[in-house]
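# Working through the structure, step by step
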Amino acid sequence: QVQLVESGGGLVQAGGSLRVSCAASVVTFDIYIMGWFRQAPGKEREFVAAISQNGGSRYYADSVKGRFTISRDNAKNTVYLQMNSLKPEDTAVYYCAARQLGLVTDTSKYDYWGQGTQVTVSS
């Protein structure tokens, strides 16, 4: 069982930056692929970014490529999402998720989820 807790959300002006974190309570964090997803009001949850177990492979949604960076610190059991040049359309609840096999973007393929952290970008 993997428990995930996100933190670091908040209110930021357009063009600003924010870093959200996700701490995992599991002994073997480095066997899990980690992903970030987001869900805006009235919309489906969508893929944002994912990172392989050792951090060597990263994948981003086109909408955030060049602005967001996913990273992980296996010694701290934590995955991060650095968000720069934020836009009002980035406003959403951001969730981290974990799975063991394959770096994928499909929401349904992830086994463990955090409770989410709200990110609001004002114009």
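This text gives an overview of the structure that appears in the document. (Residues numbered from 1 in each chain as written. Predicted model: local features only at pLDDT ≥ 70, side-chain atom pairs only at ≥ 80, totals over all residues. Heavy atoms only, no water.)

With that settled, the discussion passes to the pairing of strand β1 (residues 3–7). With burial as the criterion, only one face of β1 is covered, namely that bearing Leu4 and Glu6; the residues Gln3, Val5 and Ser7 on the opposite face remain uncovered. Bridging between β1 and strand β3 (residues 18–25) involves 5 bridges; their strand directions are antiparallel. The partner of Val5 across the bridge, within β3, is Ala23. (Buried < 20%, exposed > 50% of the residue type's maximum accessible area, 1.4 Å probe, protein only. Helix = DSSP H or I, 4+ residues; strand = E, 2+ residues; numbered from the N terminus. Pairing = 2+ DSSP bridges.)

This part covers the packing of aromatic side chains. A complete count under the given rule lists 7 aromatic pairs for this structure. Consider the rings of Phe37 and Phe47, whose centres lie 5.7 Å apart with planes at 75 degrees: the pair is edge-to-face. You can see Phe37 sitting in strand β4 (residues 33–39) and its partner Phe47 sitting in strand β5 (residues 46–51), a full 10 residues away along the chain. Looking at Phe47, the relative accessible area reads 12%, which means it is buried. Here the aromatic rings of Tyr95 and Trp113 are separated by 6.5 Å at their centres, their planes lie at 75 degrees, and the arrangement is edge-to-face. Taken together, the residues span a long stretch of sequence, with Tyr95 in strand β9 (residues 92–99) and Trp113 in strand β10 (residues 112–113) at a distance of 18 residues. Through a chain of ring-to-ring contacts, the aromatic side chains of Phe37, Phe47, Tyr59, Tyr95, Tyr110 and Trp113 assemble into a single cluster. When the ring centre of Trp113 is taken as reference, the NZ or CZ atom of Arg45 above it lies at 4.8 Å. (Phe/Tyr/Trp six-rings, centres within 6.5 Å; stacked < 30°, edge-to-face > 60°. Lys NZ or Arg CZ within 6 Å of the ring centre and 35° of its normal.)

What follows covers the nonpolar core. Ranked by size, the top nonpolar core spans 37 residues in total, and within it Met34, Trp36, Leu81, Met83 and Tyr94 carry the most contacts. If we ignore the near neighbours within four places in the chain, the residues touching Met83 are Gly16, Ser17, Leu18, Val20, Arg67, Phe68, Tyr94 and Val119. (Core = buried A, V, L, I, M, F, W, Y, C linked by side-chain atoms within 4.5 Å. Contact = heavy atoms within 4.5 Å.)

Tallied over the entire structure, the rule returns 1 disulfide. A sulfur-sulfur distance of 1.9 Å marks the disulfide that ties Cys22 to Cys96. As the torsion about the S-S bond is roughly 50 degrees, the Cys22-Cys96 disulfide counts as right-handed. Placement of Cys22 in strand β3 and of Cys96 in strand β9 is noted, with a sequence separation of 74 residues between them. No difference in accessibility class separates Cys22 from Cys96, as the two residues are buried. (Disulfide = S-S within 2.5 Å.)

Next up on the list: the pattern of salt bridges. Scanning all chains against the criterion turns up 4 salt bridges. Across the salt bridge formed by Asp62 and Lys65, the nearest N and O atoms sit 3.1 Å from each other. Since its relative accessible area comes to 47%, Lys65 is described here as partly exposed. Because the salt bridges share partners, they merge into one network encompassing Arg38, Glu46, Arg67 and Asp90. (Salt bridge = Lys/Arg side-chain N within 4 Å of Asp/Glu carboxyl O.)

Let us look at the sheet that holds β1. Across the sheet, 4 strands lie side by side as β1-β3-β8-β7; this open sheet has antiparallel pairing. Edge positions in the sheet fall to β1 and β7 (68–73), since each has one partner strand and no second. The sheet shows a mean angle of 15 degrees between the axes of neighbouring strands, direction not considered. Where β7 and strand β8 (residues 78–83) come together, 6 bridges link them in antiparallel fashion. Looking at β8, one finds that Phe68 is bridged to Met83. (Axes fitted to C-alpha atoms, helices over the stretch in contact; angles between N-to-C directions.)

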